[in-house]
Amino acid sequence: MIGILLSLLTHACEPGALDALQSSLGAIDRAWVEMDGEALDRGFEKVKAALHDQCTPLTPALSLRVHQAYARHAYTVFDTQTSVRAWLAVRDLAPEWTENLDEDVPPDHPVREAWSSRPGWKSRIDEAPPGGWVVDGTPGDQVPKDRAFVLQALGRDGQVTWSSWLSHTNEVPTSPWRSQRIKRLRGRGSVVSLGVGVAGASLLGAGLITRGQLSTADPSELRRIQTRANTLGGLGIGGLVLSGVSMGILWGVKW
């Protein structure tokens with residue numbers, strides 16, 4: 001999780017990342033057919049790097065190929081769990097693929113049993129980046145709980161700010177956006193609160209100055225001056241109290 005958050009904060013998209021991803025996926029296809037394990041490993045590392053560097057959301061078709069690459073690589077390194085979750089993603093995104101599954105999935109592969117009785121549960125991502133999420137090439141905030149998925153975060157301009165293949169829902173990076181939103185809320189709220197406090201202090205000061213005029217005022221003006229002093233003082237005290245309470249809520253409450 002820490003690694004995911006760090007990669008999120010340091011993400012910098014590369015203009016040529018999409019071409020690099022497609023090229024790497026092609027290399028994996030060739031390595032798989034030729035049963036070249038070393039070439040497949042090299043291609044897989046390039047796929048991961050290119051996926052991380054994406055600037056634009058992937059299409060569902062390209063997301064499908066990414067899942068297939070992960071499934072093939074996991075199978076060759078005997079990572080059964082990852083292979084199963086990746087193949088389930090392939091099947092969900094391209095149900096027609098099962099007609100030719102013998103080409104990729106041997107008869108004894110655990111995924112054959114896994115997809116025969118699946119609940120299809122999904123989980124909603126509570127936190128979201130400014131531009132929302134893209135899941136397997138489709139905008140949305142629902143991610144599958146029993147299979148892998150390609151997740152991409154969008155910035156306010158619609159550009160991808162983070163991109164990765166995830167095996168489980170508990171790998172979704174949510175903390176940075178929550179902390180950023182809270183930081184913005186506290187920053188803007190503090191400015192407003194301080195403004196109210198300054199205004200309150202000014203009004204209270206004006207009320208005290210007005211009250212000081214009572215000793216030298218004409219008797220006919222005493223009531224008007226007293227009323228004005230009380231009004232200014234009351235507004236000033238109210239502003240200071242409101243400022244203090246709002247600051248306490250902003251910084252004293254766990255959001």
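A brief report on the enclosed structure follows. It should be emphasised that the depicted structure is a prediction, and the values quoted were computed from it without experimental measurement.

Calculation notes
- Note on numbering: residues in each chain are counted from 1, in written sequence order.
- In view of the model being predicted, local features appear only for residues whose pLDDT reaches at least 70, and side-chain atom pairs are presented and counted only at 80 or more, with totals across whole chains, interfaces and linings using the full set of residues.
- Calculation of side-chain values draws on the structure's entire complement of heavy atoms; hydrogens and water are dropped beforehand.
- Residues form patches when they are more than 30% accessible in relative terms and have no salt bridge. Like charges link within 9 Å. Nonpolar side chains (Val, Leu, Ile, Met, Phe, Trp, Tyr) link within 5 Å.
- Note on areas: Shrake-Rupley, 1.4 Å probe, and residue coverage restricted to the protein chains presented here.
- In what follows, salt bridge is the name for a side-chain nitrogen of Lys or Arg lying within 4 Å of a carboxyl oxygen of Asp or Glu.
- The charge count includes Lys and Arg as positive and Asp and Glu as negative, but it does not include His or the ends of the chains.
- Lysine's charge is taken at NZ, arginine's at CZ, aspartate's at CG and glutamate's at CD.
- Here a strand is any run of E in DSSP of at least two residues, a helix any run of H or I of at least four, and the numbering for each starts at the N terminus.
- Here the term buried applies to any residue with accessible area under 20% of the maximum for its type, exposed to any over 50%, and partly exposed to those in between, with areas from a 1.4 Å probe on protein chains only.
- In this analysis, strands are considered paired if DSSP registers two or more bridges between them.
- In this text, buried Ala, Val, Leu, Ile, Met, Phe, Trp, Tyr and Cys residues form a nonpolar core when linked through side-chain atoms within 4.5 Å.
- The criterion used for residue contact is that any of the two residues' heavy atoms lie within 4.5 Å.
- Fitted lines through C-alpha atoms give the axes, limited to the stretch in contact for helices. The angle between two N-to-C directions lies from 0 to 180 degrees.
- Relative orientations are named as follows: roughly parallel for angles under 35 degrees, roughly antiparallel for angles over 145 degrees, roughly perpendicular for angles from 65 to 115 degrees, and oblique for any other angle.
- Left-handed describes a crossing in which the near helix is turned anticlockwise from the far one by less than a right angle; the clockwise case is right-handed.
- Charged residues are taken to be Asp, Glu, Lys and Arg, nonpolar residues to be Ala, Val, Leu, Ile, Met, Phe, Trp, Tyr, Cys and Pro, and polar residues to be all remaining types, Gly included.

## Thoughts on a negative patch on the surface
Negative charge collects at one region of the surface, where E34, D36, E38 and D41 lie side by side. With respect to the helices and strands, the residue D41 is situated in helix α3 (residues 37–52).

## Digging into the pairing of strand β6 (residues 160–166)
Taken across its 7 residues, β6 has 5 buried, putting it largely inside the fold. Strand direction decides the pairing type here: strand β5 (residues 149–154) and β6, joined by 6 bridges, are antiparallel. Following the sheet pairing, Q152 is matched in β6 by S163. With antiparallel pairing between neighbouring strands as the criterion, β5 and β6 make up a hairpin whose turn holds 5 residues, including G158 at a positive phi of roughly 85°.

## Focus on the sheet that holds strand β3 (residues 138–139)
Hydrogen bonding along the main chain pairs the strands of a sheet, whether they run parallel or antiparallel. Taken together, 4 strands build an open sheet; the order of strands is β3-β2-β5-β6 and the sheet is antiparallel. With one partner strand each, in any of the chains shown, β3 and β6 form the two edges of the open sheet.

## Thoughts on a nonpolar patch on the surface
A surface patch of nonpolar side chains, about 350 Å² in accessible area, is lined by I237, V241, V245 and I249. Inspection of the secondary structure puts I249 in helix α8 (residues 222–252).

## As for the nonpolar core
Grouped together as the largest cluster of nonpolar side chains are 29 residues, with contacts concentrated most on L21, V66, Y70 and W165. Counting residues per element, the ones that place at least two in this core are α2 (17–34), α3, α4 (60–76) and α5 (80–93). Residues contacting V66, with those up to four places away along its chain left out, are L21, L25, L51, L58, V150 and W165. Grouped together as the second largest cluster of nonpolar side chains are 10 residues, I125, W133, F149 and W162 included.

## Notes on the packing of α2 against α3
Geometry of a packed helix pair, given as the angle between the helix axes and the separation of the axes. Look at α2 against α3: their axes get within 8 Å of each other, and the N-to-C directions meet at 160°. The orientation of α2 with respect to α3, classified from their angle, is roughly antiparallel. In this structure, α2 crosses over α3, and the sense of that crossing is left-handed. Of the residues in α3, those in contact with A17, A20, L21, S24, L25, I28, A31 and W32 of α2 are A39, L40, G43, F44, K46, V47, A50 and L51. Of the residues belonging to the contact of α2 with α3, the class tally is 13 nonpolar, 2 polar and 1 charged.

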